[in-house]
Amino acid sequence: MLTTLATLAGLALAQQTDTTVPVRAGARLEVNNFGGEIAIKTWSKSAVRVTASHSSRDRITVDASEQVVRVKSEGRRGPSQVVDYEITVPAAMALALSGVYTDITVDGSQGEITAETVQGTVKVSGGVGNVSLKSVQGDVTLEKARGRIDLSSVNETIKASQISGDVSAETVNGDISLVQVESSNAEATTVNGDVLYDGTIKDGGRYRFSTHDGDLRVSVPEKSNVSVSVSTFDGDFNACFPVQLTGKTKHRFSFTIGSGNARLELESFNGDIRLCRPGQLAKDKDRDQHKNHDQDHDQDQEEE
Amino acid sequence: MSDTWTNRLSEYLDGELPESERATLEAHLRACADCRATLEQLRRVVARAQALDDTPPTTDLWPAIARHVGVVSLDARRARRRLSFTVPQLAAAAVALTLLSAGSAWLLLRRPAGARPSQSTTTPSPILTNVGTYEANPRYAAAVASLERVLAQGRSRLDTATVRVIEKNLGIIDRAIRDAQSALAADPANSYLNLHLAQEMRRKLELLRQAAALAGART
Amino acid sequence: MELTTPGVATLRRDLDQATRDAETADVALAASGDGRAFERLYRSHVARIHSLAQRMTGEDHADDLTQDVFVRAWSKLSTFRGEAAFGTWLHRLAVNVILARRTTLGTERGRYDDSENVLDGVASRPHTAELSLDFEAAIERLPDGARQVFVLHDIEGYRHEEIADLLGIVPGTSKSQLHHARMALRRHLE
């Protein structure tokens, strides 16, 4: 979404900064970038390399102490505007990345990650431990992470794959897709969007997926032991394997698979709820790609 | 070193000595090297006191506090956010609102009207959302109103595209809230609908909070 | 597209104001019953409150008192009117909670002693071991009266009149307690 930004900024990005500082194990990286890009890569050296493209009016400071490497930019007069960072760090380094008009990408991290932006995307591959990714007006994408995973957007889609650990995903106007998930504690909630969960249902685990206007599709592997409760106001429920409904009321019913010691809660006010085996949901997913972006979202773009 | 004067050094240091005594003491100080040394030490004690760092407790006290006030801690809530006590509370509010008309006794049990006067002298422009009937719950209404005020004050600092997106999403949540309300009107005892309404009300507060924080200036 | 709006510069704002606004929002949320918002408030203020409690009453009671302060704050949030900053309000509340406990603690420990003799004792023991005593520890070793006055005046910035009010003493006593505390502490500066 920031291609325009990059083009506009192109003329001003006259200066290059390239600095490398040594770091100790356990130090973390903090980057705040008002607008532009933060791209993190990893290497095996015990050092942080910061390259930045920025206006000649701006100065990049890399402030390294034993615990933290702080990267920021300052304009000669007032705040700097657009900086594109490419930063190479030791894989295990913890990352705290933030910005406003900022796209954030991380590749190959084996450390904790916090990334927050307002108008920009967050795209992360890797992450171990607390992984918290937030945007207001941008997609949030995560793959190959493990730990306590917290994903949030407001107006866009959340996608995660090949992740393990505790997972929580929340948006208002967007779909949530969690696939190839290894978790005993997963939650995803949106208001206007679909939720897809394709992952494990572990004994003793808790899973909760909810939407207001949208469909839920959730995988239940064979031989799962899970109590399922389904709530909907104006939607249908179906499963691609046989289930025995119990405790059925008008809008709410439940059933048990196996010994039932995991809990799965499914709620959609207006949409359909579908249970299938892992992998079988992927087909549906492709189909939905086309209807993902709702119309008023597209109107937004035109209004610009 | 005269004790009489030493005893007044702290007052002197704090500027609390009357003018006449101050002059006399200053004259004495010029003659008394010990007194000057003591004064300097006292000055350093005060400087040291002001420079002390605050340190958090070694054990996290929040879980115990959360238990006391009936809140589930963030960790536990990750496992099951619906246990968050705000949900039953809001659910109760939702049920009550369905069953009772506004202004009834139940509502008066909560925060009295006017308990939270407007904090600002500027007149906030009407913003973002319509006030639905569910906001007749005074605690909830007060929270929403207060957040909207923060947002109104900070709105000019927000990018217009961000404002539009937030308005749109608040609208989406409001629609979900209205859906849940009208469904509840027909089926007041439905626990799913109550929880759903409560969840969306909580979500609206959360989004308002996030927006207020943005408008306030977090980058 | 977004960047063409004139908002870029205006989006940069004073960080203090930001923190205050976010906190105002959290206070409103917490008052409406939102535990997460209250937890955020706890996290940002706990160090200050805990340090206050520890300096006023000693290590043994600090955790307990801190807990009390936040439990009390939760139930009293609806009385917070935003005239002062939340931190100031909470601090006042904490001082009240701590001082209310003071009498009990004083009796319990049997060392609530205003006499200046005790202070002189502390002051006139500049042995080598004492010299290395940490400044914080030295504060804790002051007699209760002198310690409370010192903490409230020199660390927390209260005036003698306020302290006298809070502790139920006359301002003159507050002044002399402060002076004696300072005299005792100057031996523990390094």
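Note that this is a predicted model, so its numbers are computed, not measured. Residue indices follow the written sequence of each chain, beginning from 1 at its first position. Chains and ligands are labelled sequentially in the order written, the chains with letters from A and the ligands with numbers from 1. Reporting in this predicted model follows two pLDDT cut-offs: at least 70 for local features of residues, and 80 or more for side-chain atom pairs to be given and counted; totals over whole chains, interfaces and linings ignore these cut-offs and use all residues. With hydrogens and water set aside, each side-chain value is computed from the structure's full complement of heavy atoms.

J.: Before we move on, could you go through the overall build of chain B and cite the residues and values that matter?
T.: Numbering goes from the N terminus for both helices and strands, where a helix is a DSSP run of H or I of at least four residues and a strand is a run of E of at least two. In terms of helices and strands, chain B carries eleven helices and zero strands. Along chain B, helices (α) and strands (β) appear in the sequence α-α-α-α-α-α-α-α-α-α-α when read from the amino end. Note on exposure labels: buried denotes an accessible area under 20% of the residue type's maximum, exposed denotes more than 50%, and partly exposed covers the range between, all computed with a 1.4 Å probe on protein chains only. Within the span of chain B, comprising 219 residues, buried residues form 50% of the whole. Residue exposure ignores everything except the shown protein chains as possible cover, and the areas themselves are Shrake-Rupley values with a 1.4 Å probe. Carbon and sulfur atoms make up 55% of the accessible area of chain B, which totals about 9,900 Å².

J.: Go over the overall build of chain A with me, naming the residues and quoting the values.
T.: The number of helices and strands found in chain A is three helices and 21 strands. For chain A, the residues scored as buried account for 54% of the 304 residues in total. Intrachain contacts of chain A at a sequence separation of at least 6 include 46% that bridge at least 24 residues. With an accessible surface of roughly 12,800 Å², chain A has 45% of that area assigned to carbon and sulfur atoms. Contact definition: two residues touch when any of their heavy atoms are within 4.5 Å.

J.: Lay out the nonpolar core in plain terms, naming residues and giving numbers.
T.: One finds Phe38, Leu77, Leu90 and Phe150 of chain C to be the most contacted residues of the largest nonpolar core, which totals 94 residues. No other element matches helix α11 (residues 191-216) of chain B, which puts eleven residues into this core. Ignoring sequence-local partners within four residues, the contact set of Phe150 of chain C consists of Val45 and Ala49 of chain B together with Phe135, Ile139, Ile155, Leu178, Ala181, Arg182 and Leu185 of chain C. By convention a nonpolar core is built from buried Ala, Val, Leu, Ile, Met, Phe, Trp, Tyr and Cys residues, the set being connected through side-chain atoms within 4.5 Å. Counting 63 residues, the second largest nonpolar core, distinct from the first, contains Val71, Leu95, Leu178 and Val220 of chain A.

J.: Break down the pairing of strand β10 (residues 128-135) of chain A for me, with residues and values.
T.: Inspection of the sheet shows strand β8 (residues 113-117) of chain A paired to β10 of chain A by five bridges, in the parallel sense. Bridge pairing links Thr117 of chain A to Ser135 of chain A in β10 of chain A. A pair of strands is labelled paired if DSSP reports no fewer than 2 bridges between them.

J.: Tell me about the state of the cysteines, and please be specific about residues and values.
T.: All names here are of chain B. Cysteine sulfur atoms that pair up within 2.5 Å are treated as a disulfide. Enumeration according to the criterion identifies two disulfides over all chains in this entry. Here Cys32 pairs with Cys35 through a disulfide, and the sulfurs are 2.2 Å apart. Disulfide Cys32 to Cys35: torsion about the S-S bond roughly 75°, handedness right-handed. The same class applies to Cys32 as to Cys35, namely buried.

J.: Requested: an account of the packing of aromatic side chains, with residues and values cited.
T.: Residues and elements named next belong to chain A. Think of it this way: a Phe, Tyr or Trp ring, Trp meaning its six-membered ring, pairs with another when their centres are within 6.5 Å, and the plane angle makes it stacked under 30 degrees, edge-to-face over 60, tilted otherwise. Counted by the stated rule, this structure contains 14 aromatic pairs over all chains. Residues Tyr197 and Tyr207 carry aromatic rings whose centres are separated by 6.0 Å and whose planes lie at 55° to one another, so their mutual orientation is tilted. Here Tyr207 lies in strand β15 (residues 206-211) and Tyr197 lies in strand β14 (residues 195-199), a separation of ten residues in the sequence. Just as Tyr197 is buried, Tyr207 falls in that class too. Judged by centre distance (5.8 Å) and plane angle (50°), the rings of Phe237 and Phe255 are tilted. Of the two residues, Phe237 sits in strand β18 (residues 237-239) while Phe255 sits in strand β19 (residues 252-257), which places them 18 residues apart along the sequence.

J.: Outline unusual backbone geometry, listing residues and values.
T.: Residue and element names in this part refer to chain A. Positive phi is not limited to glycine here, since Gln162 has a value of about 50°. Along the chain, Gln162 falls in strand β12 (residues 158-170). You can call Gln162 partly exposed: its relative accessible area is 36%. Even without glycine at this site, Gln180 takes up a positive phi of about 50°. Looking at where Gln180 falls in the secondary structure, it is placed in strand β13 (residues 176-189).

J.: Run through the pairing of strand β2 (residues 28-43) of chain A, naming residues and quoting values.
T.: All names here are of chain A. By the bridge criterion, four bridges tie β2 to strand β5 (residues 68-75) in an arrangement that is parallel. Across the sheet, Val31 pairs through a bridge with Val71, a residue of β5. Two strands pair when backbone bridges link them, and β2 and strand β6 (residues 83-90) are joined in this way by eight bridges, in the parallel orientation. Across the sheet, Glu37 pairs through a bridge with Asp84, a residue of β6.

J.: Residue-level account of the pattern of salt bridges, with values.
T.: Between Lys or Arg on one side and Asp or Glu on the other, a salt bridge is scored when a side-chain nitrogen of the former is within 4 Å of a carboxyl oxygen of the latter. Scanning all chains against the criterion turns up 33 salt bridges over all chains. A salt bridge links Arg208 of chain A to Glu267 of chain A, with the nearest nitrogen and oxygen atoms 3.4 Å apart. Here Arg208 of chain A, found in strand β15, pairs with Glu267 of chain A, found in strand β20 (residues 262-268); they are 59 residues apart in sequence, far enough to count as distant. With respect to class, Arg208 of chain A is no different from Glu267 of chain A; both count as buried. Notably, a salt bridge pairs Asp64 of chain C with Arg101 of chain C, separated by 3.4 Å at the nearest N-O pair. Remark: Arg101 of chain C occurs in helix α5 (residues 86-109) and Asp64 of chain C occurs in helix α4 (residues 59-76); sequence separation between them is 37 residues. Since its relative accessible area comes to 38%, Asp64 of chain C is described here as partly exposed. Among the charged side chains, a salt-bridge network with shared partners connects Arg92, Arg159, Glu161 and Glu162 of chain C.

J.: Give me helix α10 (residues 160-167) of chain C: which residues, what numbers.
T.: An α-helix turns once per 3.6 residues; consequently, residues spaced three or four apart project the same way. Inspection of α10 of chain C places His160, Glu162, Ile163, Ala164 and Leu167 of chain C among the buried residues, and these make up the whole buried set. Remark: Gly168 of chain C follows α10 of chain C within two positions and exhibits a positive phi of approximately 70°.

J.: Explain the side chain of Gln67 of chain C to me, using residue names and the numbers behind them.
T.: Position of Gln67 of chain C among the secondary structure elements: in helix α4. Leave out the neighbours within four places in its chain, and Gln67 of chain C touches Leu61, Ala64, Ile65 and His68 of chain B.

J.: Go over the environment of Arg48 of chain C, please, and point to the residues and values.
T.: Along the chain, Arg48 of chain C turns up in helix α3 (residues 35-57). Residue Arg48 of chain C is classed as partly exposed on the basis of its relative accessible area of 36%. Residues Arg48 of chain C and Thr66 of chain C, spaced 18 residues apart in sequence, show a C-alpha to C-alpha distance of 9.8 Å. In this structure, Arg48 of chain C is in contact with Asp54 of chain B together with Gly87, His91 and Glu156 of chain C, ignoring residues within four places of it in sequence. By the criterion applied in these results, polar contacts are pairs of N or O atoms within 3.5 Å in which, for protein atoms, one can donate a hydrogen and the other can accept it, and in which residues neighboring in sequence qualify only through two side-chain atoms. A polar atom in the side chain of Arg48 of chain C sits 3.4 Å from the side chain of His91 of chain C.

Bear in mind that shape data such as this cannot, by itself, settle questions of function.
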